[in-house]
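The primary structure of each chain is shown beneath.
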Amino acid sequence: MDTQARIHEMKKVVLHLHLDGSLRPETVQEWLHEDGKDIDLDLVKAKLMVAKDCKDLNQYLEKFDLPLLFLQSEEHIKRATYELYEDLAKQNVVYSEVRFAPSLHLQKGLSYEQIVEAAIAGMDEAKEKYGIDGGLILCCMRGDNNEQANLDTIELAKKYLGKGVCAADLAGAEALFATKNFEEVFAKAKELGVPFTIHAGEADGPESIKSALQFGAQRIGHGVRCIEDKEVMQELKDKKVLLEICPTSNFQTQAVTGKTDGSYPIEKIFKFGIPVGLNTDNDTVSNTDIEQEYAWVLSETGLTTSNLIQMNLDSIKSAFTTPEKKLAIANQIVAEAKNIPNNTAPSKDVNSTHEDR
Ligand SMILES: [Zn+2]
């Protein structure tokens, strides 16, 4: 079996994926057409995908303007969520947590509840059709004057927790709005029992990860800049906090270097013993998909398919879902891995430690 086929067959878990950054260009073209604007597909793609000379995260975030313009109706939110889960299922993703910020979808009068319920409906329809599993993560946003919207988002996550929503997050311009300033939001999440991940250690350094850990984040979005601080690495390892790593997105936002020179820290972090999951961040904005990320890891790092399988097991172990679902998905991952010759299947015990690498 060639590498590409092997990657395709693997049962995959995706934990870090933004809905608004992963719209099908064809769908956006259709929505533009409905608005009376006939635009060439290549031009639509250029509007949605980051340019090769992207300077930083702030420039990367500009690519969300057009998607957000259209994600202001229940119909569009439902369709986008359905299509994303459909695309994931077709890449043998068996479990995925998809995230978005409800506060960015209020522009045309939708209520918070309408927004979340539309996304749940889209996800549920895809789950029904493809047998894929997952949940929605509601993002709080970095920015000025967002306090109330962020507290509302945590309340909303609490309202739908276990009913389609699985956690909360903090997204947005990390270099401009430090993680440490969002303590109140995550104190509220803790008080209400809403689990959360936080984007940290992407555009900002290890201090940002420290704050997220202090707040009680169970996972870290990106976190690659932990590599700059041994103590933070040790804390992540000791607490078994999974890093949701997204290589292509990191090269585009210039969070780190190492696309081709072997310096990207994923192998170092994994071999240090910190749990790692592999993700795309945004399929469309980053012009990638999960299979391309796997292929990049295999061709540009010393990591193997067995390591990728371990990452999927670590991901499901750190997923915001029930122990029963974790075990069921872990069993699927292991069962598929066992079918492959010359591939040592890792322990199927989802509670095992990382010491055995
Ligand atoms: Zn992200």
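Scroll up a little and you will see the structure.
**Student:** Looking at this model, I keep getting lost on the pairing of strand β2 (residues 93-100). Mind explaining?
**Tutor:** On any regular strand, side chains alternate: one points to one face of the sheet, the next to the other face. With respect to burial, β2 is a largely interior element, eight of its eight residues being buried. For strand β1 (residues 12-18) and β2, the ladder comprises five bridges, and the chain directions are parallel. If you follow Val 13 over to β2, its bridge partner there is Tyr 95. Handedness of the β2-helix α7 (residues 112-130)-strand β3 (residues 133-141) crossover: right-handed.

**Student:** Looking at this model, I keep getting lost on the sheet that holds strand β4 (residues 165-171). Mind explaining?
**Tutor:** The strands that make up a sheet are held in pairs by hydrogen bonds between backbone atoms, and each pair lies either parallel or antiparallel. Read from one edge of the open sheet, four strands run β1-β2-β3-β4, paired in parallel fashion. Single-partner strands in this sheet number two, and they are β1 and β4. Along the sheet, successive strands turn relative to each other by an average axial angle of 25°, direction set aside. Docked against the sheet, α7 engages β2, β3 and β4, running at close to 155° with respect to β3.

**Student:** Please explain the layout of surface pockets as it appears in this structure.
**Tutor:** The gaps left among the atoms become clear once a water-sized probe is rolled over them. By volume, the largest pocket is sized at about 420 Å³. Around the largest pocket sit 16 residues that line it, and Thr 248, Gln 252, Lys 259, Ser 286 and Asn 287 are the ones nearest its centre. In this model, the second largest pocket occupies a volume close to 340 Å³. In terms of lining, the second largest pocket is formed by 23 residues, of which the most central are Asp 20, Leu 61, Phe 64, Met 141 and Gly 172. Among the elements of the structure, α4 (57-61), α5 (65-70), β2 and β3 are those that each provide at least two residues to the lining of the second largest pocket. Here the lining of the second largest pocket gets four residues from one element, more than from any other, and that element is α4. Looking at the lining of the second largest pocket residue by residue, the class counts come to eleven nonpolar, six polar and six charged.

**Student:** Please explain the pattern of salt bridges as it appears in this structure.
**Tutor:** For side chains of opposite charge, pairing can occur when their charged atoms come near one another. The tally for this structure, following the rule as stated, stands at 20 salt bridges. Close ionic contact of Lys 78 with Glu 125 constitutes a salt bridge, the shortest N to O distance being 3.1 Å. A residue pair is termed long-range when its members are at least 10 positions apart, and Lys 78 in helix α6 (residues 74-89) and Glu 125 in helix α7 qualify at 47 residues. Owing to a relative accessible area of 39%, Glu 125 belongs among the partly exposed residues under this scheme. The salt bridge involving Lys 210 is made with Glu 207; its shortest N-O contact spans 3.4 Å. Of the two residues, Lys 210 and Glu 207 both sit in helix α10 (residues 206-215), three residues apart, roughly one turn of that helix. A relative accessible area of 30% places Lys 210 in the partly exposed class.

**Student:** I tried to follow unusual backbone geometry on my own but got confused; where do I start?
**Tutor:** Excluding glycine, residues mostly carry a negative phi; peptide bonds, for their part, are mostly trans. You will see that His 222, though not glycine, has its phi angle at about 75°, which is positive. Following the sequence through the fold, His 222 ends up in strand β6 (residues 219-222). By relative accessible area, which is 0% here, His 222 ends up buried. Its identity is not glycine, yet Asn 287 carries a phi of approximately 50°, on the positive side. Look at Asn 287 and you get partly exposed, because its relative accessible area is 48%.

**Student:** What's the story with the coordination of the zinc ion in this structure? I'm lost.
**Tutor:** The expected angle between donors at a tetrahedral four-coordinate metal is 109.5 degrees. At an octahedral six-coordinate metal it is 90 or 180 degrees. Coordination of the zinc ion by the protein is provided by His 16 (NE2), His 18 (NE2), His 199 (NE2) and Asp 281 (OD), with metal-donor distances spanning 2.1 to 2.2 Å. One can describe the site at the zinc ion as irregular: its four donor atoms subtend angles covering 84 to 169° at the metal. Linear spacing of the donor residues for the zinc ion on their chain is H-x1-H-x180-H-x81-D. Taken as a pair, His 18 in strand β1 and Asp 281 in the loop between β8 (276-278) and α14 (290-300) lie far apart in primary sequence, 263 residues in all. For the pair His 18 and Asp 281, one class covers both residues: buried.

Thresholds, definitions, all that
Residues numbered from 1 in each chain as written. Predicted model: local features only at pLDDT ≥ 70, side-chain atom pairs only at ≥ 80, totals over all residues. Heavy atoms only, no water. Buried < 20%, exposed > 50% of the residue type's maximum accessible area, 1.4 Å probe, protein only. Helix = DSSP H or I, 4+ residues; strand = E, 2+ residues; numbered from the N terminus. Pairing = 2+ DSSP bridges. Right-handed = clockwise from strand over helix to strand, strands pointing away. Axes fitted to C-alpha atoms, helices over the stretch in contact; angles between N-to-C directions. Contact = heavy atoms within 4.5 Å. 1 Å grid on protein atoms, 1.4 Å probe; cavity = no way out; pocket = protein on both sides within 12 Å on 5 of 7 lines; lining within 4 Å. Points joined across faces, edges and corners; volume = space filled by probe spheres on them. Nonpolar A, V, L, I, M, F, W, Y, C, P; charged D, E, K, R; others polar. Salt bridge = Lys/Arg side-chain N within 4 Å of Asp/Glu carboxyl O. Donors = N, O, S within 2.8 Å, 3.2 Å for Na, K, Ca; no water. Tetrahedral: all angles 85-135°; square planar, octahedral: opposite > 155°, others 65-115°.

So far we have only geometry, and geometry alone does not tell us how the molecule works.
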